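What the coordinates show
Chain by chain, the residues run as shown.
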Amino acid sequence: SQQGEEDPQALSIQEGENATMNCSYKTSINNLQWYRQNSGRGLVHLILIRSNEREKHSGRLRVTLDTSKKSSSLLITASRAADTASYFCATDKEDYKLSFGAGTTVTVRA
Amino acid sequence: DSGVTQTPKHLITATGQRVTLRCSPRSGDLSVYWYQQSLDQGLQFLIQYYNGEERAKGNILERFSAQQFPDLHSELNLSSLELGDSALYFCASSPRPGLAGRVGELFFGEGSRLTVL
């Protein structure tokens, strides 16, 4: 079973617009991570936010974490065609395991 | 380039056969993780090794086994293959487990795409 659930499943936006996706999880966590996967390629780590952090930034990425609601959001600002990919949240609810959600597929239209 | 190398990139085989997937982690990384990605199941954690020892087990079938060798490379063995085993198999590495087994950033290889006919 998957710990995280991303919402929406798919997102289509115009270049330059912002993209927001959400992740909900079921049990308490140590940290939450976001990864990007281009079609058929390996996953690439984007950002890690610890359970005692509420917000984190990395370039055009902004991640928030609300442990009371067991949810996180990933915002990509000023999207580019190269941002077209699937985005996954991952949590380490159990020692030594990182569990991934089903992902959000983002398409950025030129 | 993540520094994690997986071979082979593509593999086509028949039901009932056995295959071995190989992973070389990033230089210096002691932990290796194996994941299976399929359309219907998503990304499923299979197993994790740290410095040669099994640390965590996920949804790994009894027909599957893995090991990590002294040089830290890892192999995933899949036997008695079924059509449903067709998937992308990823290996990922990380330097070491964090405090209390917390998992930090993982570095993924490009995967081995297995097709069972």
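Along each chain, residues carry numbers from 1 onward, in the same order as the chain's sequence is written. Working convention: letters from A go to chains and numbers from 1 go to ligands, in the order in which they are written. Only residues with pLDDT of at least 70 are given local features in this predicted model, and only at 80 or more are side-chain atom pairs given and counted; all residues enter the totals for whole chains, interfaces and linings. To get the side-chain values, all heavy atoms of the structure are used, and hydrogens and water are removed first.

A few words on the overall build of chain A. Along the backbone of chain A there are 0 helices and 11 strands. Each radius of gyration is computed over the set of C-alpha atoms, and the globule rule expresses the reference value as 2.2 Å times the number of residues to the power 0.38. Computed over C-alpha atoms, the radius of gyration of chain A comes to 13 Å, within 12% of the 13 Å expected from 2.2 N^0.38 for 110 residues, which places it in the range of a compact globule. Along the first, second and third principal axes, the C-alpha atoms of chain A reach 40 × 30 × 20 Å. Here's how the labels work: a residue is buried when its accessible area is under 20% of the maximum for its type, exposed when over 50%, partly exposed in between, all with a 1.4 Å probe on protein chains only. Put simply, chain A has 110 residues, and 47% of those count as buried. Pairs at least 24 apart in sequence give 52% of the contacts found in chain A among residues at least 6 apart. Residue-level accessible areas treat just the shown protein chains as cover; the underlying method is Shrake-Rupley with a 1.4 Å probe. Only carbon and sulfur atoms are counted for the fraction: they give 43% of the accessible area of chain A, which is about 5100 Å². Helix numbers and strand numbers start at the N terminus; a helix is a DSSP run of H or I with at least 4 residues, a strand a run of E with at least 2. Any two residues whose heavy atoms approach within 4.5 Å at even a single point are treated as in contact.

One pair of aromatic rings is described through two measures. These are the centre distance and the angle between the planes. All names here are of chain B. Only Phe, Tyr and Trp rings take part, Trp by its six-membered ring, and two of them pair if their centres are within 6.5 Å. Stacked means planes under 30 degrees apart, edge-to-face means over 60, and tilted covers everything else. Considering all chains together, one arrives at 8 aromatic pairs over all chains under this definition. Ring geometry for Y35 versus F45: centroids 5.6 Å apart, planes at 65 degrees, classification edge-to-face. Within this pair, whereas Y35 is found in strand β4 (residues 31-38), its partner F45 is found in strand β5 (residues 42-50), the two being separated by 10 residues in sequence. The exposure class of F45 is buried, given its relative accessible area of 7%.

Time to look at the interface of chain A and chain B. In this assembly, 20 residues from chain A lie in contact with 28 residues from chain B. In this assembly, chain A packs against chain B so that about 1900 Å² is buried in total across both faces, 51% of it on carbon and sulfur atoms. Buried surface area refers to the total accessible area, computed with a probe of radius 1.4 Å, that the two partners give up upon joining, counted for both partners together. It is L43, Y96 and K97 of chain A in chain A that bury the most area against chain B; as a group they hold 33% of the surface buried on that side. Take a side-chain nitrogen of Lys or Arg and a carboxyl oxygen of Asp or Glu: if they are within 4 Å of each other, that pair is a salt bridge. The interface formed by chain A and chain B includes 1 salt bridge. Across the salt bridge formed by E110 of chain B and R41 of chain A, the nearest N and O atoms sit 2.6 Å from each other. Counted as a polar contact is a pair of N or O atoms within 3.5 Å, where, for protein atoms, one must be capable of donating a hydrogen and the other of accepting one, and residues adjacent in sequence contribute only when both atoms are in side chains. For the pair chain A and chain B, the interface holds 7 residue pairs in polar contact (both at pLDDT 80 or more). By residue number, the principal contributor to the side of chain A that touches chain B is strand β4 (residues 31-37) of chain A, which donates 4 residues. By residue class, the composition of the side of chain A that touches chain B is 7 nonpolar, 9 polar and 4 charged. Put simply, Ala, Val, Leu, Ile, Met, Phe, Trp, Tyr, Cys and Pro go in the nonpolar bin, Asp, Glu, Lys and Arg in the charged bin, and everything else, Gly too, in the polar bin.

Averaged over every residue, the pLDDT of chain A is 92; the share at 70 or more is 97%. No element of chain A has a lower mean pLDDT than strand β1 (residues 5-7) of chain A, at 86, and none a higher one than strand β7 (residues 61-66) of chain A, at 98. Every residue is assigned a pLDDT by the predictor, reflecting its confidence on a scale from 0 to 100.

Let us now look at the sheet that holds strand β3 (residues 19-24) of chain B. Residue and element names in this part refer to chain B. Strand pairing is assigned whenever DSSP detects at least two bridges linking the two strands. Ordered in space as β1-β3-β8-β7, the 4 strands form an open sheet in which the pairing is antiparallel. The open sheet terminates on both sides in strands that have one partner only, identified here as β1 (5-7) and β7 (64-68). Sheet twist, expressed as the average angle between the axes of neighbouring strands with direction ignored, equals 15 degrees. Relative to β3, β1 runs antiparallel, the two sharing 3 bridges. For helices, the axis comes from a line fit to the C-alpha atoms of the stretch in contact; other axes are also lines fit to C-alpha atoms, and the angle between any two N-to-C directions lies between 0 and 180 degrees.

We now examine the environment of D95 of chain A. For D95 of chain A, the position within the fold is in the loop between β9 (85-91) and β10 (99-100). Separated by 19 residues in sequence, D95 of chain A and I76 of chain A place their C-alpha atoms 30 Å apart.

Cysteine sulfurs are considered disulfide-paired once they come within 2.5 Å of each other. Scanning all chains against the criterion turns up 2 disulfides over all chains. Two residues share a disulfide in this structure: C23 of chain A and C89 of chain A, whose sulfurs sit 2.1 Å from each other. Between C23 of chain A and C89 of chain A the disulfide shows an S-S torsion of about 65 degrees. By sign, it is right-handed. Taken together, the positions of C23 of chain A in strand β3 (residues 19-24) and C89 of chain A in strand β9 put the pair 66 residues apart, joining distant regions of the chain. Between C23 of chain B and C91 of chain B runs a disulfide, and the two sulfur atoms are separated by 1.8 Å. On the sign convention where negative means left-handed, the S-S torsion of about -50 degrees between C23 of chain B and C91 of chain B marks this disulfide as left-handed. Note that C23 of chain B is positioned in strand β3 and C91 of chain B in strand β9 (residues 87-94), a separation of 68 residues in sequence. Overall, the relative accessible area of 0% leaves C23 of chain B in the buried class. The buried category is assigned to C91 of chain B, whose relative accessible area is 0%.

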